[in-house]
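# Summary of the model geometry
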Amino acid sequence: MPPVIDPDKCDGCVGRKYQICVEHCVTDVFLGSKQGELPVVTFPQECFHENACVLDCPKKAIKLRIPLPMTVVYK
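Throughout, a residue's number is its position along its own chain's written sequence, starting from 1. At least 70 in pLDDT is required for a residue's local features to be given in this predicted model, at least 80 for side-chain atom pairs to be given and counted, and no such filter applies to totals for whole chains, interfaces and linings, which use all residues. Side-chain descriptors were evaluated using all non-hydrogen atoms of the structure, hydrogens and water having been removed beforehand.

## With respect to the state of the cysteines
Disulfides are defined as cysteine sulfur pairs within 2.5 Å. In this structure the tally under the stated criterion is zero disulfides. Of all cysteine sulfurs in the structure, the one in Cys-57 sits closest to Cys-10, which takes part in no disulfide; the separation is 6.3 Å.

So, in structure tokens, the structure goes:
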């Protein structure tokens, strides 16, 4: 399940050198996102639920939808 970005909270990392979620995602889920805009989940199937984008987002605008079989691991 791909990350979910709250458009009301996300500012596209305006004023920063790069978008933090795009840079910290090791599987390039947000590939092709443009600086200052809402990140685009281009490859949702590549999300390995490593949580880097969620933990590093300064606005706390990203949440992960954990697949049901993986929820046991998170408890």
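## Some details on the confidence of the model for the protein chain
Scored from 0 to 100, pLDDT records how confident the predictor is in each individual residue. With 92% of its residues at a pLDDT of 70 or more, the protein chain shows a mean pLDDT of 88. Each helix is a run of DSSP H or I of at least 4 residues and each strand a run of E of at least 2, with the numbering of both proceeding from the N terminus. Summarising per-element confidence for the protein chain, the mean pLDDT is lowest in helix 3 (residues 71-74) (64) and highest in helix 1 (residues 20-24) (93).

## Observations concerning the environment of Leu-64
Tracing the backbone shows Leu-64 in strand 2 (residues 62-64). Taking the relative accessible area as the measure of exposure, Leu-64 reaches 17% and is therefore buried. C-alpha separation for the pair Leu-64 and Asn-51, spaced 13 residues apart in sequence, amounts to 7.4 Å. Note on contacts: a residue pair is in contact if any heavy atoms of the two residues lie within 4.5 Å. Once residues within four sequence positions are removed from consideration, Leu-64 is found in contact with Pro-3, Cys-47, His-49, Asn-51 and Val-54. With a 1.4 Å probe rolled over the protein chains alone, any residue whose accessible area is under 20% of its type maximum counts as buried; one over 50% counts as exposed, and the rest are partly exposed.

## Structural notes on the pattern of salt bridges
Side chains that differ in sign of charge can pair as their charged atoms come close. Think of a salt bridge as a Lys or Arg side-chain nitrogen and an Asp or Glu carboxyl oxygen that are within 4 Å of each other. A complete count under the given rule lists one salt bridge for this structure. Across the pair Asp-11 and Lys-59 runs a salt bridge whose closest N-O atoms are separated by 3.9 Å. Note that Asp-11 is positioned in the loop between strand 1 (3-5) and helix 1 and Lys-59 in the loop between helix 2 (52-56) and strand 2, a separation of 48 residues in sequence.

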